[in-house]
Amino acid sequence: MAEKTKRRTSFNLSYLTKEGVSNVWSNRLMSLASVAVLTSCLVLIGIAVMLFVNIDAMLENVEDQNVIMVYLNDELTEDQINKVGQDIRMIPNVGLAEFVSKEDAYAAQLESMGEDALLLEGLETNPMPDAYKVTLTDLTDYDNALKMFSTIENVLSVRGNSDLAGQVREIRTGVTYVCIGIIVLLLAVSLFIIANTVRVTMYNRRLEISIMKAVGATNWFIRWPFIIEGIVIGIISGIVSLGLVFGLYKLAMNSFGTVFSLFGTSSVSFLPYALPMLGAFIVIGVFAGCFGSIVSMGRYLKEHGGSVVSNDNDSE
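All chains use their own residue numbering, which begins from 1 and follows the written sequence. Local features in a predicted model are, by the rule used here, given only for residues with pLDDT of at least 70; side-chain atom pairs are given and counted only at 80 or more, and totals for whole chains, interfaces and linings are based on all residues. The side-chain quantities take in all heavy atoms of the structure and omit both hydrogens and water.

Visitor: So what about the overall build of the protein? Which residues, and what values?
Guide: Each helix corresponds to a stretch of at least 4 residues labelled H or I by DSSP, and each strand to a stretch of at least 2 residues labelled E; elements are numbered beginning at the N terminus. Check the secondary structure of the protein and you find ten helices and four strands. Counting from the amino terminus, helix and strand elements in the protein follow one another as α-α-β-α-β-α-β-α-β-α-α-α-α-α. Buried, partly exposed and exposed residues are distinguished by accessible area as a fraction of the type maximum, computed with a 1.4 Å probe on protein chains only: under 20%, between the cut-offs, and over 50%, respectively. Out of the 316 residues in the protein, the part that is buried amounts to 36%. Once local pairs closer than 6 in sequence are excluded, the contacts in the protein between residues at least 24 apart make up 85%. Using the Shrake-Rupley algorithm and a 1.4 Å probe, accessible areas are obtained, with residue cover drawn only from the displayed protein chains. Summing over all exposed atoms, the protein offers an accessible surface of approximately 18,600 Å²; the carbon and sulfur share of this is 62%. Only heavy atoms matter for contacts: two residues are in contact if any of them lie within 4.5 Å across the pair.

What follows is the structure, encoded as structure tokens:
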């Protein structure tokens, strides 16, 4: 008896799943509308994500250029210079500490001055101190790092740009919040529109639903094909959305590539994000489709589950 019940349940799920897949084509006009709505929202989400990724890359490039110069006292021995470098690297958040000798610093200064370098020809001694060029891994603890560098023995002075670091942090935080807000808003819009689209679909098929209820079909027997439809629509929307995002992103990068060169960087390649984005699109699409189907079907069955209705065309 248990085996018979198990086979019957398996048959029902297989039948209802096939029915749900076939209904996508049978109701292709509404399915196309659902795919179009969901694809539009997913494309906007994808564009927002890639915009955030590129802005984050530009800000990271600015962070890399925002170095801290740690100047050393004069006439230090090689061991003392190395000791300062070790102390700097032991400080948390230090990514790179590169030693810059006074000779290299003086040569770089002359080169940057161009023809004005003739003004320094009368100097008998090199006025530049030895220094360490330090890059931090994260600018969130920038001010504290400056204080810690100043306390190191044989450090003459420390030069950094706290204002720029603070502005970069604020911009990155603002961009993150805006992108998250856009993604959440678009996801909510997707769920709302899909739920209403499913309600329209159910209204068009109200006679079919009412007949199933009249012959004793359970609510889940009725719900399952709609859920499968939502899953299929979500998968199709995810695949189509990825292709559209890739095409639009490539077109945008070809048009605005010069903007990135102004910041000394280039646009982020889409390929490393293609597979994760496809997975995210399919998950969001399936979730939106299933959620819309379950919620709308639940409301419909609660309101009209006990009544048998006829199509307007049948009554005429």
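Read on for the rest.
Visitor: So, the sheet that holds strand β3 (residues 131-136): which residues are in play, and what are the values?
Guide: With antiparallel pairing, four strands are arranged side by side in an open sheet as β2-β3-β1-β4. Where the open sheet ends on each side, the last strands, each with one partner, are β2 (94-100) and β4 (155-159). Recorded for the sheet is a direction-independent mean angle of 20 degrees between the axes of neighbouring strands. When DSSP finds at least two bridges between two strands, those strands are taken to pair. Here six bridges tie β2 to β3, and the two strands are oriented antiparallel to one another. Every angle, taken between N-to-C directions, lies between 0 and 180 degrees, and every axis is a line fitted to C-alpha atoms, over only the stretch in contact when it is a helix.

Visitor: Could you give an account of the packing of aromatic side chains, with specific residues and numbers?
Guide: In summary, the pairing rule links any two rings of Phe, Tyr or Trp, Trp by its six-membered ring, whose centres are within 6.5 Å, and it sorts them by plane angle into stacked for under 30 degrees, edge-to-face for over 60 and tilted for everything else. Taken as a whole, this structure holds three aromatic pairs when the rule is applied. The interplanar angle of 50 degrees and the centroid separation of 5.4 Å between the aromatic rings of F246 and F270 together place this pair among those described as tilted. With a gap of 24 residues between them, F246 in helix α8 (residues 219-262) and F270 in the loop between α8 and α9 (271-304) connect regions that are remote in the sequence. Classification of F246 as partly exposed rests on a relative accessible area of 35%. On the basis of an interplanar angle of 40 degrees and a centroid distance of 5.8 Å, the ring pair of Y249 and F270 is categorised as tilted. Pair noted here: Y249 is in helix α8 and F270 is in the loop between α8 and α9, with a separation of 21 residues, a long-range link. Accessibility classification places Y249 together with F270 in one group, the buried group. Taken together, the ring pairs connect F246, Y249 and F270 into an aromatic cluster.

Visitor: Lay out helix α3 (residues 78-90) in plain terms, naming residues and giving numbers.
Guide: With 13 residues, α3 extends 19 Å between its outermost C-alpha atoms, agreeing within 8% with the 18 Å of an ideal straight helix rising 1.5 Å per residue. Turning to α3, its buried residues number three or more, namely I81, V84, G85 and I88. Buried residues of α3, viewed axially, fall in a sector of 100 degrees; they line one side. In α3, the exposed positions that point more than 90 degrees away from the buried face belong to D79 and M90. Considering only its buried residues, α3 is in contact with β1 (68-72), β2, β3, α5 (142-150) and β4. Under the convention used throughout, the expected extent of a helix is 1.5 Å for every residue step, that is, one less than its residue count. Comment: arc refers to directions from the helix axis out to C-beta atoms.

Visitor: Now, about the side chain of S237: what can you tell me, with residues and values included?
Guide: Summarising the element assignment, S237 is placed in helix α8. For S237, the residues in contact, after removing those within four places along its chain, are V35, L38, T39 and L42.

Visitor: Tell me what's going on with the pattern of salt bridges, and back it up with residues and numbers.
Guide: By convention in these notes, a salt bridge is any Lys or Arg side-chain nitrogen within 4 Å of a carboxyl oxygen on Asp or Glu. Summed over the entire model, instances satisfying the criterion amount to one salt bridge. The residue D87 makes a salt bridge to K83 at a minimum N-O spacing of 3.0 Å. Here D87 pairs with K83, and both are found in helix α3, just four residues apart, close to one helical turn.

Visitor: Lay out the nonpolar core with the relevant residues and their values.
Guide: Buried residues of nine kinds, namely Ala, Val, Leu, Ile, Met, Phe, Trp, Tyr and Cys, make up a nonpolar core once their side-chain atoms join them within 4.5 Å. If you look at the biggest cluster of nonpolar residues, it comprises 20 residues, and the most contacted ones within it are I68, V70, I88, Y132, V134, L136 and F149. If you list the elements that add at least two residues to this core, you get β1, α3, β2, β3 and α5. It is α5 that contributes the most residues to this core, four residues altogether. Residue contacts for I68: discarding those within four places in its chain leaves Y132, K133, V134, L136, Y142, L146, F149, V158 and R159. One finds Y249, F270, I284 and A288 within the second-largest nonpolar core, a separate group that totals 19 residues.

Visitor: Summarise the environment of S266; cite the residues concerned and give the values.
Guide: Examined against the element boundaries, S266 turns out to sit in the loop between α8 and α9. Taking the C-alpha atoms as reference, S266 lies 8.4 Å from M58; in sequence the two are 208 residues apart.

Visitor: Would you mind going over α5 in detail, with residue names and values included?
Guide: Of all the positions in α5, only Y142, A145, L146 and F149 are classed as buried. Projection of α5 onto a plane perpendicular to its axis shows the buried side chains occupying an angular sector of 105 degrees, all on one side.

Visitor: Describe unusual backbone geometry, and please don't skip the residues or the numbers.
Guide: One non-glycine residue with positive phi stands out, namely E75, at about 55 degrees. Here E75 is to be found in the loop between β1 and α3. Judged by its relative accessible area of 80%, E75 is exposed. Even without being glycine, N154 reaches a positive phi, approximately 70 degrees.

Visitor: Go over a nonpolar patch on the surface with me, naming the residues and quoting the values.
Guide: On the surface, L44, I47, I236, V240, L244 and L248 cluster together to form a nonpolar patch covering roughly 470 Å² of accessible area. The set of elements that each furnish at least two residues to the nonpolar patch consists of α2 (28-65) and α8. No other element matches α8, which puts four residues into the nonpolar patch. Relative to the helices and strands, L244 is located in helix α8. Residues forming no salt bridge and having over 30% relative accessible area are the ones grouped into patches, like charges within 9 Å of each other and nonpolar side chains (Val, Leu, Ile, Met, Phe, Trp, Tyr) within 5 Å.

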